[in-house]
Amino acid sequence: MQRQMINILTRRLGTAQQMRPLSVTAQRREIFKVQSAEDFDKKVKNSQQPVVVDFFATWCNPCKLLTPRIENVVGEQKGSIKLAKVDIDEHSELALDYDVAAVPVLVVMQNGKEVQRMVGLQDEDKIRAWVAAAVKQTKQ
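Because the structure is predicted, anything quoted here is derived from the model rather than measured. (Residues numbered from 1 in each chain as written. Predicted model: local features only at pLDDT ≥ 70, side-chain atom pairs only at ≥ 80, totals over all residues. Heavy atoms only, no water.)

> Hey, could you run me through a negative patch on the surface in this one?
Together, E38, E93, D97 and D99 make up a negatively charged patch on the protein surface. Mapping E38 onto the fold places it in helix α2 (residues 37–45). (Patch = residues over 30% accessible without salt bridge, like charges linked within 9 Å, V, L, I, M, F, W, Y side chains within 5 Å. Areas by Shrake-Rupley, 256 points an atom, 1.4 Å probe, with all protein chains shown as cover. Salt bridge = Lys/Arg side-chain N within 4 Å of Asp/Glu carboxyl O. Lys, Arg positive; Asp, Glu negative; His and termini not counted. Charge placed at Lys NZ, Arg CZ, Asp CG, Glu CD. Helix = DSSP H or I, 4+ residues; strand = E, 2+ residues; numbered from the N terminus.)

> For this particular structure, what's the right way to read the pairing of strand β4 (residues 105–110)?
Within a regular beta strand, the side chains point alternately toward one face of the sheet and then the other, so they alternate between its two faces. Within β4, six of the six residues are buried, which leaves it mostly tucked inside the rest of the structure. Alternating residues of β4 divide into V105, V107 and M109 and L106, V108 and Q110, and every residue in both groups is buried. In terms of strand pairing, strand β2 (residues 51–56) meets β4 through five bridges, oriented antiparallel. Bridge assignment links V51 to a residue of β4, and that residue is M109. One ladder, built from six bridges, connects β4 with strand β5 (residues 113–119); its direction is antiparallel. Pairing of V108 across the sheet is with Q116, part of β5. In this structure, the hairpin formed by β4 and β5 is closed by a connection of two residues, where N111 is found at a positive phi of approximately 55°. (Buried < 20%, exposed > 50% of the residue type's maximum accessible area, 1.4 Å probe, protein only. Pairing = 2+ DSSP bridges.)

> So what exactly am I meant to see when it comes to α2 here?
By the burial criterion, the buried members of α2 are D39, F40 and V44. One face of α2 carries all of its buried residues, which in axial projection span an arc of 100°. Facing away from the buried side of α2, by more than 90 degrees, are the exposed residues E38 and K42. On its buried side, α2 packs onto β1 (31–33), β2, β3 (82–87), α4 (92–97) and β4. (Arc of directions from axis to C-beta. Contact = heavy atoms within 4.5 Å.)

> What is the right way to look at the state of the cysteines in this model?
As used here, a disulfide is simply a covalent bond connecting the sulfur atoms of two cysteines. Counting across every chain of the model gives one disulfide. Disulfide pairing is shown between C60 and C63; the S-S distance is 2.5 Å. One quick way to see it: the torsion about the S-S bond of C60 and C63 is about 80°, and its sign makes the bridge right-handed. Relative accessible area serves as the criterion here: at 4%, C60 is assigned to the buried category. (Disulfide = S-S within 2.5 Å.)

> Just checking my understanding: could you explain unusual backbone geometry for this structure?
Note: most residues except glycine have negative phi, and most peptide bonds are trans. Cis geometry is found at the peptide bond from V103 to P104, where omega equals 0°. Relative to the elements of secondary structure, P104 occurs in the loop between α4 and β4. Of note in this structure, D99 is not a glycine but carries a positive phi near 50°. Of note in this structure, N111 is not a glycine but carries a positive phi near 55°. Here N111 shows up in the loop between β4 and β5.

> What is the right way to look at the pattern of salt bridges in this model?
Two side chains carrying opposite charge are able to pair once their charged atoms lie near each other. Considering all chains together, one arrives at eight salt bridges under this definition. Notably, a salt bridge pairs D39 with K43, separated by 3.5 Å at the nearest N-O pair. One end of the pair is D39 and the other is K43, both in helix α2 and four residues apart, which spans about a single turn. The closest approach of N and O atoms between R128 and E124, which form a salt bridge, is 3.1 Å.

Everything listed is a geometric property; what it means functionally is a separate question.
Here you go:
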């Protein structure tokens, strides 16, 4: 009985040789959570590569909606920009240093300097254009 089912399925679906292979390669993502002020200095301030700093809070609903959007956009950049996540409740001194009065806030930094800033929840297309502009600006 089992052989009959396999034969029927093979005839209807074709053999494995006729099937198209699927690619399951994951996108390379440069995403990390800042663990301390020293970690921020090392991975963000001292980075030659542009870094989007996502200032967020775990209790913030707009932050929760922004997370997959910014992570997707950074992933699409294929390593040309990194994403640093900073929980403002854990690292309030960093939030104060960068004038974060409300969350979410996205800041692009390169060579220790702020290059761009975006405040509030944005749609993915706007974030994509903003990140692309930041990458282009930092290459000049």
